[in-house]
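Here is what each chain is made of, one letter per residue.
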Amino acid sequence: MMERNAPKKAVHFGAGNIGRGFVACFLHNSGYEVIFAEVNEATVSKLNAQKSYRVIEVGADGTSESTITNYRAINSSTHEAELVQEIATADIVTCSVGPNILKFLAPVIAKGIDARSTDLSPVAVIACENAIGATDTLAEFIKSPQNTDPDRLADYDKRARFANSAIDRIVPAQDPDAGLDVRLEKFYEWVVESTPFEDHSPPDIKGINWVTNLQPFIERKLYTVNTGHATAAYHGYIRRKSTVYDALQDREIQDEVRKALANTADLITQKHGIPQVEQQAYVDKIVRRISNPHLEDAVERVGRAPLRKLSRKERFIGPAAELAEHGKDCGALLDAAEMAFRFQNVEGDDESFQLAEIMEKNEPEDVVKQVCGLQPQDKLFPAVVDVVKRVQADTKSE
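Everything quoted here is computed from the prediction, not taken from an experiment.

Student: Give a detailed account of the sheet that holds strand β12 (residues 208-211), specifying residues and quantitative values.
Tutor: Taken in spatial order, the three strands line up as β9-β11-β12 in an open sheet, and their pairing is mixed. Each edge of the sheet is formed by a strand with only one pairing partner; in this case those strands are β9 (165-168) and β12. Sheet twist, expressed as the mean angle between neighbouring strand axes with direction ignored, is 15 degrees. Pairing geometry for strand β11 (residues 189-193) and β12, over four bridges, is parallel. Within the sheet, the bridge partner assigned to V191 lies in β12 and is N209. Where helix α1 (residues 17-29) meets the sheet, its contacts fall on β9 and β11, and the angle it forms with β11 comes to roughly 60 degrees.

Structural data, given as structure tokens:
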């Protein structure tokens, strides 16, 4: 396989805050030209008209700024042929669009990969989503018969390699007047599995931690950072707090967060052999991070998409189901899930309205099957049914 002599190039799907402020920043700092693939024409136009934007990192020790340049944007809805050609000659394809959107990216990525010459090194495809195995999910969509001729799969690894990743960086809601600039926390973690690149070097991206076994990292992150953040948001919403920072100033809510993270720590230390002292230090660091007063984030924004966050492999039901199967305590996770079930009809969040409709029209057992993906044979099932019954009864009495 020949290396491309042209400058390094990355295609990134999703020009939102994570895309511009985290992924594109790393790619830019590693010498890549970044091509944003985005469906919002206003964002595409703004990126093409403005040749730089700022990434502002905030922390307890003050702020620092960096300037991002050397990027372009393509409207992936209206300029598909142009995007296919960029993917056909790119070194890396990344995305930060939300796990539910991956299936919509697959057709154009599949066309780009199919158009690649096998003389080039295979393109590295890395999904940067808050979901376990997101790149595997994307790869399944790309390689499906609808998007790729099955006869082309025999030598597919000569054209593309797919690596799962775990990303961790808190990016709060931005100032309405910020434009393309992004404000985020200084802490970051981007862990990517190295095994897909065993026979040649992985992409040269500064700041990535390449590991052979990603699962401990991604579960520790999802079941600590995301579980903790969402627990604070849902408890805070029910108690009428405005931001996650405000919520965590409430001793009772902070105790709820600590108890939920004690549940997940029990799973993480046992399952992955992480020492309890190490996990406790990680928990303490996470609680400090989500309590950062410089990253004030509305509880409604952090709590949005409750249907996804209550699903089978997500931050509450995922760890709780495993704990229940082993007879371990998952009570605080169930309490947090209950608060998520109460996150209904929240302005600006479609899923919260869908959740309210599901809760109104279905029996508790059917809600648990539909929303949480649990079945009656799962040990967690009856406990979640009880949670749903309680929420439905309270809703009817209001």
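Structure shown, so let's carry the discussion forward.
Student: Describe the pairing of strand β2 (residues 33-38), naming the residues involved and giving the relevant values.
Tutor: The element β2 is largely enclosed, with a buried count of six among its six residues. Every second residue of β2 is oriented toward a common face, with E33, I35 and A37 on one face and V34, F36 and E38 on the other, all of them buried. Pairing of strand β1 (residues 9-13) with β2, which is carried by five bridges, proceeds in the parallel orientation. The partner of F13 across the bridge, within β2, is A37. Pairing analysis gives five bridges linking β2 to strand β5 (residues 71-75), with the strands arranged parallel. Counted as the bridge partner of F36 is A73 from β5.

Student: Can you break down the packing of helix α6 (residues 215-238) against helix α13 (residues 331-341) residue by residue, with the values?
Tutor: Think of two packed helices as two axes; the pair is described by the angle between the axes and how far apart they sit. Contact geometry for α6 and α13: axes closest at 9 Å, N-to-C directions at 55 degrees. For the element pair α6 / α13, the angle class is oblique. Taken as a pair, α6 and α13 cross one another with a handedness that is left-handed. Across the interface between the two elements, T227, T231, Y234, H235 and I238 from α6 touch L333, D335, A336, M339 and A340 from α13. Residues that form the contact of α6 with α13 fall into these classes: six nonpolar, three polar and one charged.

Student: Break down the layout of surface pockets for me, with residues and values.
Tutor: What the largest pocket holds in volume is close to 1400 Å³. What lines the largest pocket is a set of 47 residues, among which I18, S96, V97, G98 and R304 lie closest to the centre. Elements with a contribution of two residues or more to the lining of the largest pocket: α1, β2, α4 (102-114), β9, α6, α10 (299-303) and α11 (306-309). At five residues, α6 tops the list of elements feeding residues into the lining of the largest pocket. Across the lining of the largest pocket, the residue classes break down as 21 nonpolar, 13 polar and 13 charged. Lining the second largest pocket we find 17 residues, and of these P99, A131, I132, S311 and K313 sit closest to its centre. In terms of residue count, the dominant contributor to the lining of the second largest pocket is helix α5 (residues 134-143) (four residues). Along the lines of polarity and charge, the residues of the lining of the second largest pocket split into six nonpolar, five polar and six charged.

Student: Quick one: what's the story with the sheet that holds strand β3 (residues 53-59), residue by residue and with numbers?
Tutor: The three strands lie next to each other as β4-β3-β10, forming an open sheet whose pairing is mixed. Two strands close off the open sheet at either side, each with one partner strand: β4 (62-68) and β10 (182-185). Strand-to-strand twist in this sheet, taken as the mean axis angle between neighbours without regard to direction, amounts to 25 degrees. Pairing geometry for β3 and β4, over seven bridges, is antiparallel. Each residue of the ladder has a partner; that of E57, found in β4, is S64.

Student: Describe the environment of A178, naming the residues involved and giving the relevant values.
Tutor: Tracing the backbone shows A178 in the loop between β9 and β10. When the C-alpha positions of A178 and T231 are compared, they lie 28 Å apart, and in sequence the two are 53 residues distant.

Student: Describe the state of the cysteines, with residues and values.
Tutor: Enumeration according to the criterion identifies zero disulfides in this entry. For C25, which is in no disulfide, the shortest distance to another cysteine sulfur is to C128 and amounts to 13 Å. In this structure C25 comes out as buried when scored by relative accessible area, which is 3%. As a non-bridged cysteine, C330 has C372 as the owner of its nearest cysteine sulfur, 12 Å distant. Since its relative accessible area comes to 9%, C330 is described here as buried.

Calculation rules
Residues numbered from 1 in each chain as written. Predicted model: local features only at pLDDT ≥ 70, side-chain atom pairs only at ≥ 80, totals over all residues. Heavy atoms only, no water. Pairing = 2+ DSSP bridges. Helix = DSSP H or I, 4+ residues; strand = E, 2+ residues; numbered from the N terminus. Axes fitted to C-alpha atoms, helices over the stretch in contact; angles between N-to-C directions. Contact = heavy atoms within 4.5 Å. Buried < 20%, exposed > 50% of the residue type's maximum accessible area, 1.4 Å probe, protein only. Parallel < 35°, antiparallel > 145°, perpendicular 65-115°, else oblique. Left-handed = near helix turned anticlockwise from the far one by under 90°. Nonpolar A, V, L, I, M, F, W, Y, C, P; charged D, E, K, R; others polar. 1 Å grid on protein atoms, 1.4 Å probe; cavity = no way out; pocket = protein on both sides within 12 Å on 5 of 7 lines; lining within 4 Å. Points joined across faces, edges and corners; volume = space filled by probe spheres on them. Disulfide = S-S within 2.5 Å.

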